[in-house]
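Below are the chains, spelled out letter by letter.
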Amino acid sequence: MIRLDQFPHKFLNIRLKNCGLLFLSTPHSGTKEADWNKYLVDIGEITVGLRAEIINELRSFNRSSVDSQEHFRNMKIIPPLFCLCESEKTRVGPSLRYALGSPPILSPYSPLPKGVKFYEGRHIRRVNGFTGRSQELKKIAGHLSGTRRGTSNGIVLTGIGGIGKTELLLQIANQNRNLSNVFLLPACDEKSLRDGYMEIASRIGHEILSERHPKQDLYSIWCGSTTDEKIEATKAWFEAPENQDTLFIVDDLDGLKDEDAIQAVLPRQANIVMLSTRNPGLVAELPRKFDRLRVLPLNVSETIDLMGASLHNWNKENIPIPEEELEEIAKEVACHPLGALNAISYITARLAQDSDSPVAEFFAILRSVDYHERLEFLKYKPPFRYSITQAFDISVQRLRNPNGLATALLSVLGFLELEEPAIDFRRFFSRREWLHELKEYLPDYAIFATEKSALRAALEELENVSIGHRTEQKLPLEVHPLWIECMRQRLGHDGRIRFLRQVLLVCYGSIIRREELTNIIPHIKTCLCVAVRFQISMGDLDLAPDMRTWIDGFSTGPKTPPSTIVPNTSASRFEQDNYKTALELSDDCARVAENVISDAVDIVVSQEKWTILSQSLLSLLKRLQKQESIYQKPLGEEIYGLHMRTYDSLLKVASQIRERHPTLYEQLQTRRATFEEMFRLSD
């Protein structure tokens, strides 16, 4: 066409105005596969007779291709084009790959195949075996649709490491790659971000300079530009009007610790932006408005589906894992997606090497007191995925001060009760006027004596690196069980002894000073459970004799759940105080029950009164359940009698509303029978 334009007299009976172009494959500007240096080309010429002129013609954005494009744009008459661009990779030599370069991103002269509307985004990794997250995908799709109409803001996905934020972004990117151009930038660190920019720059090429350098030799300018200049040109092109409807995705935004870098990565002109971050507090600080969607652990059914899809990717000769065992694995990793996938890889690729029952061995490892084997699983890194410890360590590394209060708080939390919703671990850090008396025995005194304002700041920092999250604003942080295990493992043996001893010292001081027992006993039980799970003996803790005697008042039995500690019946001062407090609390429960009965005399079965009465009964039942989890058999005769009296009183009331609330009556009956069986005094 260029020759026809320049030398029309050489082509008789052909007129440019009557011509058109039909490309049956993607017109391209060379390939990066041919970007050899002169040394390699010279060796190729000598050894295999390689023709250097062919290599030069195939280089990415080679001079011949660029010059031809420039000549074509300058023709007096530009014929109509129709280009059938490739929507799948083309076999080039022994492998499948895309050709590099144009057609221009939004060129009206280069329509793509039917059903494919845009060029960019095809290189984004597809998610193999993606399952679940239907609710999240539905919310995001609706949000993006609203953003395109101008009725919604950008959206930010938040959540702990390994929970599936990146996989969700990739799934959304692949769903939208035929609806708009899609650019995905990894921002876990500055190097990844630069590499992401350069990947896009290399795919678009010198075309992005057309607005900044009109009617100039774009190819020469591009080839003479440094990496930084190409990145800046790409950023500027992102903000061009033609990218107004492009979907921009930035993954792991808080990996850029510098606030200026975070703000600079967001294209100012883009309307459709999706981000992911571990820091939920970052959303409110961004220079534009975003809505937040927290990504939670999967449910059991979704986790089973995820592991099933992972198993399908293994060789067919692998023995399938039954669904009931997959359910147990899901529960062991608390439905953490990364934990579930790594568990399948660990079982199938490692344990199955020499085990006839790799799943049973996996359960034995997680439930054993051999913490070295548990750590081996946590550190296990399958190809192309993080290990569990790596995902956790990324959050720890993002703390502002590695030696600050938040780091010390993280160490203490590993020895407190965090999994029981009824226990607010923040109360453990309440001000204690007597704590200074233990200062010489508490090497980390600062964290135990921290002021409320400093504790709040430390908790905020832990939340901002996704160590934990709050389901409601006023509630304490919830920490995933895998993270709790990582907290304890990262301290090492000496560190665990150090903090275990300090937490027990504070608990002991609180007990002998008659502080509220229900806020202390759960943490004691957790400490002793950790000691068993990490093979720490009481001798390792180097405790004073009176405290050692107190600790000996607790024991664990083989049939007792790991978090349950059973006090013995020795007559130490602690147990006497323990007994007295239990008696007072039980008597209080009995009195409350009798008040409920008197209020229910001649009950009027109305919705309002029934609701109030039901709430009172359920509240009282919860109090009883808390007590029974603390005081194990044998109980004193008075305490046992008071509890039974309370249950009988509650059943008397519940029987009157049995038709309206059968579940409550059955629950009370079951609790009474269980209590009687567990705590019946021997004859």
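Residue positions are counted from 1 within each chain, in the order its sequence is given. pLDDT decides what is reported in this predicted model: residues at 70 or higher carry local features, side-chain atom pairs at 80 or more are listed and counted, and totals for whole chains, interfaces and linings draw on all residues regardless. Side-chain metrics in this entry use all non-hydrogen atoms of the structure; hydrogen atoms and water are not considered.

Draft legend 1. Geometry of the overall build of the chain. Helix and strand definitions here come from DSSP, where helices need a minimum of 4 consecutive H or I residues and strands a minimum of 2 consecutive E residues; each element is numbered from the N-terminal end. Secondary structure assignment for the chain yields 27 helices and 11 strands. Only protein chains enter the accessibility calculation, which uses a 1.4 Å probe; a residue is then buried when its area is under 20% of its type maximum, exposed when over 50%, and partly exposed in between. For the chain, buried positions account for 48% of its 683 residues. Two residues form a contact once any of their heavy atoms are found within 4.5 Å. Taking the intrachain contacts of the chain between residues at least 6 apart in sequence as the baseline, contacts between residues at least 24 apart amount to 74%. Carbon and sulfur atoms provide 51% of the accessible area of the chain, an area that totals close to 35700 Å². Accessibility throughout is a Shrake-Rupley quantity obtained with a 1.4 Å probe, and a residue counts as covered only by protein chains that appear here.

Draft legend 2. Highlighting the packing of helix H11 (residues 300–312) against helix H12 (residues 323–332). As a rule, the C-alpha atoms of each element are fitted with a line to give its axis, helices using only the stretch in contact, and angles between N-to-C directions run from 0 to 180 degrees. As a packed pair, H11 and H12 sit with axes 9 Å apart at the nearest point and diverge in direction by 115°. With respect to H12, the axis of H11 lies roughly perpendicular. Here H11 and H12 pass one another in a crossing that is right-handed. Across the interface between the two elements, Val300, Thr303, Ile304, Met307 and Leu311 from H11 touch Glu323, Leu326, Glu327, Ile329 and Ala330 from H12. Roughly parallel here means an angle under 35 degrees, roughly antiparallel means over 145, roughly perpendicular means 65 to 115, and every remaining angle is called oblique. By definition, turning the near helix anticlockwise from the far helix through less than a right angle yields a left-handed crossing, and turning it clockwise yields a right-handed one.

Draft legend 3. The arrangement of the pattern of salt bridges in detail. For this document, the term salt bridge refers to a Lys or Arg side-chain nitrogen within 4 Å of an Asp or Glu carboxyl oxygen. Taken as a whole and assessed by the stated rule, the structure comprises 18 salt bridges. Glu332 serves as the salt-bridge partner of Arg367, at 2.6 Å between the closest nitrogen and oxygen. With Arg367 in helix H14 (residues 358–367) and Glu332 in helix H12, this pair connects stretches of sequence that are 35 residues apart. Taking the relative accessible area as the measure of exposure, Arg367 reaches 47% and is therefore partly exposed. Salt bridges linked by common partners bring Asp252, Asp254 and Arg398 together as one network.

Draft legend 4. Highlighting the confidence of the model for the chain. As a per-residue measure, pLDDT reflects the predictor's confidence and takes values from 0 up to 100. Mean pLDDT for the chain: 77, with 77% of residues reaching 70 or above. Here residues 87–113 scores under 50 on pLDDT; set against residues more than four positions off or in separate chains, the count is 63 contacts. For residues 629–635, every residue scores under 50 in pLDDT, and the model assigns this stretch 24 contacts once sequence neighbours within four places are set aside.

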